Amino acid sequence: MTEKSIIEVKNLIVQRGKVTVLDIRELSVGQGRSLSLIGPNGAGKSTLLLTLAGLLPLNKGLLLFAGKPVNDRTSLAMLRRNAAVVFQEPLLLNDTVYNNVALGLKFRHVSSGEISRSVDEVLNYFGITHLVKRSAKTLSGGEAKRVSLARAFAIKPRLILLDESFNALDPPSREAIISDLQNILEQTKITAVLALHDREDTLRLAQDVAVMSAGKIAQYGTTAQVFNHPDNEFVANFVGTESILEGIVKTVSPDGMVMVAIDGKIVEAVGRFCAGQKVYCCMRPENVTISNNIQGKISARNVFDARVNKMIRQGFLYKLILDCGFPLVAYITPPSCEDLGLKEGVRVMASFKATAVHLMKREK
Amino acid sequence: MELIVQGIIKAFELIISFDPEVLGITWLSLKISGTATFISLLIGVSTGTAVALTNFRGKKLVISLINTGMGLPPVVVGLFVTIMIWRNGPLGFLEILYTPYAMIVAQAIIATPIVMGISLAAIQNLSPNLRLQILSLGAGSLQMVWVLIKEAKLPLLAAVMAGFGGVISEVGASIMVGGNIKGYSRVLTTATVMETGKGNFDIAIALGIILLILAFLVNFLLTQIQQRQQAR
């Protein structure tokens, strides 16, 4: 991350009572980057967001906004004026949509003409111009969410902090809001920290991701780094690498091909390991190809004869639990499923590239 | 039964004829209880909000005390105020015993915990994140408190009604510190007590009805304000 950092924490400790809820050695979000915080409930995502917004006191450590330490009233006011938080609940006032969206600007004593222009602009952004005169209490969940987003963006913040907030919405509104938010983040190049629940939302809205666990950051990097190369089993499990298998490195070729034995089968992977090492083999379900028993047409290094043990409908896809001598999970679209005549008990070919296998060191 | 009918007829006679004495008593009741409610609002809303928004050692004890104060017996308040402003009392130099001022003080003491307790509950009842949300939009502390009070205006108006209702109908303290002096500190409740004592039930009933109408009108007005906010 070479960009100038907008928000940064160093050796941060936040305690609630005597319990340490956040313990972060270092985290820095560069100008225009969008960072997603993911992790199980209670991992400290929301607490970290509030801390970054300057709304929670630090017990130890340093918070820096635009490179300057936030340590007195002036710098705290500076941070709060430039950061906007969108909470899980819309938290709208019992007032019109207009007055709700104008709230932050009124706090800044912006002239009413200016407020009117900014509110119009941001309502337009979120496609809710028609709601301007409505009472906030009469809005649907999706509309209220849009108003709360508009209210945050109305102050033209340098930093937006967004708590996972789409879960309560019905799928179409959720999809529409995320898509709008994606556009706005891309257009405005606002620095964003998003506590998201969902891996797909993360891929759409963020370039970077930090996986949190028990108040600590388990791994931090670009989405590609973290999702494809999890540092440890916890991260791997959490980012949705469905197949995590224990194996032992058998042989390593000079060009970096690693042969890993898993339950008597050999999986080819790429990486720097030595023979005899204990490893985890991670295969993401979207990297597995399913085909009929026509051999010779598959370029992937790993081809296995597999039995379909289970088919689970998951949203728009089927999740296949395969038995290739070791368990493997794959996603497949319903049309492909039909073409291949898949049902439970059928035998298919499962293949994946050597580069799609992510190896991690295993201690035990 | 005849007594009640007579009382009602008398009440309407007194109201329609604009009897100057009854009018004076009614007006004084309204002034004293209105002023007392206003004072209790200033103290009650600000203190209630402050207690709701700050964390300190013994907060629960303070809240319990305020809630107990909501049921403060008027005669106890009357006794306390009388002792304080008695000629030889600590505040005797004010020389306000048996004046409307003493009644305002006593009624304000009765209404303040009611307003304070309801304000406190109203502010506490707002989502705890709302406060952070408002701060995160760049509000200063005063701006934040003001937005919260506006957001809680529905229960706060209920606090006004409860406070006013408590003091307009109160008699013990008023009689003790006001003395029920004709044309000076006589209010609807103290006059009702006196007329009942004298056996003038028709006038007593009339005063009672006027008191009810007064309470109704004030609450009707406040309810209008409250519900208009709600409907928008």
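Details of the structure are given in the entry above.
A brief report on the enclosed structure follows.

The rules behind each value
- Residues numbered from 1 in each chain as written.
- Chains lettered and ligands numbered in written order.
- Predicted model: local features only at pLDDT ≥ 70, side-chain atom pairs only at ≥ 80, totals over all residues.
- Heavy atoms only, no water.
- Pairing = 2+ DSSP bridges.
- Helix = DSSP H or I, 4+ residues; strand = E, 2+ residues; numbered from the N terminus.
- Contact = heavy atoms within 4.5 Å.
- Axes fitted to C-alpha atoms, helices over the stretch in contact; angles between N-to-C directions.
- Expected span 1.5 Å × (residues − 1).
- Bend = angle between axes of the 7 residues up to and from the residue.
- Buried < 20%, exposed > 50% of the residue type's maximum accessible area, 1.4 Å probe, protein only.
- Parallel < 35°, antiparallel > 145°, perpendicular 65-115°, else oblique.
- Left-handed = near helix turned anticlockwise from the far one by under 90°.

## Quick notes on the sheet that holds strand E5 (residues 68–69) of chain A
All names here are of chain A. Here four strands make up an open sheet; going across it, the order is E2-E1-E4-E5 and the pairing antiparallel. If you trace the sheet from one side to the other, it starts and ends with strand E2 (19–30) and E5, each paired once. Contacting strand E1 (5–16), E2 and strand E4 (60–65), helix H1 (residues 45–52) runs over the sheet at an angle of about 120° to E1. On the sheet, helix H2 (residues 73–82) packs against E1, E4 and E5 and is oriented at approximately 55° with respect to E4.

## Concerning helix H5 (residues 100–125) of chain B
An α-helical turn contains 3.6 residues, so any two residues separated by three or four positions project in the same direction. Residues and elements named next belong to chain B. Between its first and last C-alpha atoms H5 spans 37 Å; for 26 residues at 1.5 Å apiece the expected length is 38 Å, and the two agree. Along H5, the sharpest change in direction is near 25° and occurs at Ala111; proline Pro113 comes one to four residues later. Where burial is concerned, most of H5 is hidden: 19 out of the 26 residues are buried.

## Quick notes on the pairing of E2(A)
Residues and elements named next belong to chain A. Pairing of E1 with E2, which is carried by ten bridges, proceeds in the antiparallel orientation. In the strand pairing of E2, Ile13 is matched with Asp23. What sits between E1 and E2 in their antiparallel hairpin is a turn of two residues, with Gly17 showing a positive phi close to 65°.

## Quick look at the sheet that holds strand E3 (residues 34–38) of chain A
Residues and elements named next belong to chain A. Pairing is mixed in the open sheet, where six strands are placed in the order E6-E7-E8-E3-E9-E10. Only two strands of the sheet have a single neighbouring strand rather than two, namely strand E6 (83–86) and strand E10 (216–222). For this sheet, the mean angle separating the axes of adjacent strands, direction not counted, is 15°. By the bridge criterion, four bridges tie E3 to strand E8 (residues 191–195) in an arrangement that is parallel. Bridge pairing links Ser36 to Leu194 in E8. In this fold H2 packs onto E6 and strand E7 (159–162), with an angle of close to 55° to the strand it touches most, E6.

## Quick notes on the pairing of E4(A)
In terms of strand pairing, E1(A) meets E4(A) through five bridges, oriented antiparallel. Across the sheet, A:Val9 pairs through a bridge with A:Leu63, a residue of E4(A).

## A word on the packing of H5(B) against helix H8 (residues 153–168) of chain B
Residues and elements named next belong to chain B. Relative to each other, H5 and H8 sit at 160°, their axes nearing to 8 Å. As far as their axial angle goes, H8 and H5 are roughly antiparallel. Handedness of the crossing formed by H5 with H8: right-handed. Residue-level contacts link Gln107, Ile110, Ala111, Ile114, Val115, Ile118, Ser119 and Ala122 of H5 to Pro155, Leu156, Ala158, Ala159, Ala162, Gly163 and Val167 of H8.

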